[in-house]
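Spelled out, the chains give:
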Amino acid sequence: MRDPRVGEGLPSWFVTKTTRADPETIRALYTTAIRCGARAVCVCDNGRHAPPDGAREVLKFVRGIIDDTGERVRLDCTAIRIAGWASSIPSPQFWAEPNQVHGSALGVGERVGNTPMDQLL
């Protein structure tokens, strides 16, 4: 079933907290969302369950799912800063995966733990 907003020309975006899910569940969720019209997907590690390299591997896995669908879909990442460091800054290889990384400006964001833009930059 396609997202009804897609038929009205509105973009559809799919967001999950996926870093603790098993790979087949992740594949089923994202594949279904893309087939239903999502043109952006967002991987979140709001609980910082994945270590930095693990977060990169989840993003690579989701990038593969996107590629398998053959659709043009933007990959976003929301990572959380806990105890003064951000899981969104794992390694230089990380930046090859997402098209967009979410952050907060001056502590204003979806929630208080979103990674500050100055750390992302």
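Let us look at the structure shown here.

About the thresholds
Residues numbered from 1 in each chain as written. Predicted model: local features only at pLDDT ≥ 70, side-chain atom pairs only at ≥ 80, totals over all residues. Heavy atoms only, no water. Helix = DSSP H or I, 4+ residues; strand = E, 2+ residues; numbered from the N terminus. Buried < 20%, exposed > 50% of the residue type's maximum accessible area, 1.4 Å probe, protein only. Contact = heavy atoms within 4.5 Å. Salt bridge = Lys/Arg side-chain N within 4 Å of Asp/Glu carboxyl O. Expected span 1.5 Å × (residues − 1). Arc of directions from axis to C-beta.

Glancing now at the overall build of the chain. Scanning the chain from N- to C-terminus turns up four helices and six strands. Starting at the N terminus and walking to the C terminus, you meet the elements of the chain as α-β-α-β-α-β-β-β-β-α. Going through the 121 residues of the chain one by one, you find that 42% of them count as buried. For the chain, contacts bridging at least 24 residues in sequence account for 73% of all contacts bridging at least 6.

Overall, the coordinates contain four salt bridges when judged by the stated rule. A salt bridge links K60 to E57; its shortest N-O distance comes to 3.7 Å. On the criterion of helical spacing, the pair formed by K60 and E57 is a turn pair, its members being three residues apart in helix α3 (residues 52–69). With a relative accessible area of 39%, E57 lands in the partly exposed category.

The end-to-end C-alpha distance of helix α2 (residues 23–35) is 18 Å, a good match for the 18 Å that 13 residues give at a rise of 1.5 Å each. Residues of α2 that are buried: I26, Y30, T31, A33 and I34. Seen along its axis, α2 keeps its buried residues to an arc of 160 degrees; they face one direction. Structural note: α2 exposes E24 and R35 on the side pointing more than 90 degrees away from its buried face.

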